[in-house]
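# Breakdown of the fold
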Amino acid sequence: MLLNTFVSADSAVVKTGGKVAEMIKDGRFEELGQQSLTWGIDFLGKLAVALLIFFVGKWIIGKIRKLADKIMSRRQMDIALKGFLKNLLDIFLFVLLVMLIINVVGTQTVSLAALIASAGLAVGLAVKDNLANFAGGVMLLFNKPFKGGDYIEAQNLAGTVQSIGILYTTLTTADNKTIYIPNGPLSTGNIINYNTQTTRRVEITASIEYGTDVDIVKKMLLDIANRHPLVLKDPEPFARMTKMNEDSIDFSLRAWVNLNDYWNVTHDLNEEVYKEINARGLVIPFRQMTVHLANSTEQNAN
């Protein structure tokens, strides 16, 4: 069908060009002027009709978008899915509007249709990689590894999901930056969703110098966790020595909290552990370097 369109367009152009050349050759300039005026009026009339259809169609599309938005809001649809469907609806409606304009203006615009078709083919070849992103967006909506408002980590990036678009998924970072991740790699890569579970585990590491009584440190850490009102009793807090470093021994305190309390409890426990270490006179070791200067060593030897 596309080939037929190009053939028709070429025939129309050749026929028109032949008439113009014949008029010029015969010196029929008055007839050429009248014909040009007729063509110009015809073109302006069709252009006016096309513009009228475009603006009316654009107004109708706006009404349809508002209606669709109300329906999706009434059904309490996920914001990520709403964004994807709204983008898809926009593309469909505008393509439909362009096709309507071409059909209403008439068959004389077949060359315009051929031009649009060839431009569409060129654009399609240029953006062929984005087809994978479109397919990735569809897979994300079907598999639902996350929804709008979830905090996720993917493609070495992290943020709160705002919407799933036709080609990109939009995230907002904790410091209010906007991230656009292509749907293709996102749908096939690893995704960490921090909002699927109702609880999370807080883990605090305390490094103490060698020679410290292990049982004293364990009891101190458990007392700190049990005193905090937001730490869950089930599962119980856990505190044990977990590693022997070159300069210190490491203790881990693990406590379970509700999802929304994770960061508050993490900061609180870190502060309380530091305060208790200082209050009990325990020592947090840190790396030290002793430098011996060669000249000073020789002078001391003499």
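As a starting point, this report considers the structure included with it. Computed from a predicted structure; not experimentally measured. (Residues numbered from 1 in each chain as written. Predicted model: local features only at pLDDT ≥ 70, side-chain atom pairs only at ≥ 80, totals over all residues. Heavy atoms only, no water.)

### Quick notes on the sheet that holds strand E4 (residues 178–182)
The antiparallel open sheet is built from 5 strands, whose spatial order is E4-E3-E2-E1-E5. Looking at the sheet topology across the chains shown, the edges are occupied by E4 and strand E5 (191–193). The mean angle between the axes of side-by-side strands here comes to 40°, regardless of whether they run parallel or antiparallel. Sitting on the sheet, helix H5 (residues 130–143) touches strand E2 (157–164), strand E3 (168–172), E4 and E5, and the angle it makes with E2 is about 85°. (Pairing = 2+ DSSP bridges. Helix = DSSP H or I, 4+ residues; strand = E, 2+ residues; numbered from the N terminus. Axes fitted to C-alpha atoms, helices over the stretch in contact; angles between N-to-C directions. Contact = heavy atoms within 4.5 Å.)

### Things to note about the side chain of Ser-252
With respect to the helices and strands, the residue Ser-252 is situated in strand E8 (residues 249–258). At 3.2 Å, the side chain of Ser-252 forms a polar contact with the side chain of Thr-242. (Polar contact = N/O pair within 3.5 Å; in protein donor to acceptor, adjacent residues only side chain to side chain.)

### Some remarks on helix H7 (residues 214–227)
The end-to-end C-alpha distance of H7 is 20 Å, a good match for the 20 Å that 14 residues give at a rise of 1.5 Å each. Among the residues of H7, Val-217, Met-220, Leu-221, Ile-224 and Ala-225 are the ones counted as buried. Projected down its long axis, H7 carries its buried residues within an arc of 130°, all on one side. Within H7, the exposed residues directed more than 90 degrees away from the buried face are Asp-215 and Lys-219. Summarising the contacts, the buried residues of H7 are in contact with strand E6 (199–208), strand E7 (238–244), E8 and helix H8 (262–279). Its side-chain oxygen placed 2.9 Å from the backbone nitrogen of Asp-215, Asp-213 serves as the N-cap of H7. (Expected span 1.5 Å × (residues − 1). Buried < 20%, exposed > 50% of the residue type's maximum accessible area, 1.4 Å probe, protein only. Arc of directions from axis to C-beta.)

### Looking at the side chain of Asp-150
Within the fold, Asp-150 resides in the loop between H5 and strand E1 (151–154). Residue Asp-150 is classed as buried on the basis of its relative accessible area, which comes to 5%. A polar contact is formed between the side chain of Asp-150 and the backbone nitrogen of Lys-147, at a distance of 3.1 Å. Engagement of the side chain of Asp-150 in a polar contact is seen with the side chain of Asn-193, the distance being 3.1 Å.

### As for the sheet that holds E6
The 3 strands lie next to each other as E6-E8-E7, forming an open sheet whose pairing is antiparallel. Unpaired on one side and paired on the other, E6 and E7 mark the two borders of the sheet. Ignoring which end each strand starts from, the neighbouring axes of this sheet average 25° apart. Where E6 and E8 come together, 10 bridges link them in antiparallel fashion. If you follow Ile-204 over to E8, its bridge partner there is Leu-253.

### A word on the pairing of E8
Within E8, 7 of the 10 residues are buried, which leaves the element mostly enclosed by the surrounding structure. Relative to E8, E7 runs antiparallel, the two being bridged by 6 bridges. Its bridge partner lying in E8, Lys-243 is registered against Asp-250. Hairpin connection, E7 to E8: the antiparallel pair is bridged by 4 residues.

### Topic: the environment of Tyr-210
One can find Tyr-210 in the loop between E6 and H7. If sequence neighbours within four positions are ignored, Tyr-210 has contacts with Met-244, Asn-245, Glu-246, Asp-247, Ser-248 and Ile-249. A distance of 2.6 Å separates a polar side-chain atom of Tyr-210 from the backbone oxygen of Asn-245.

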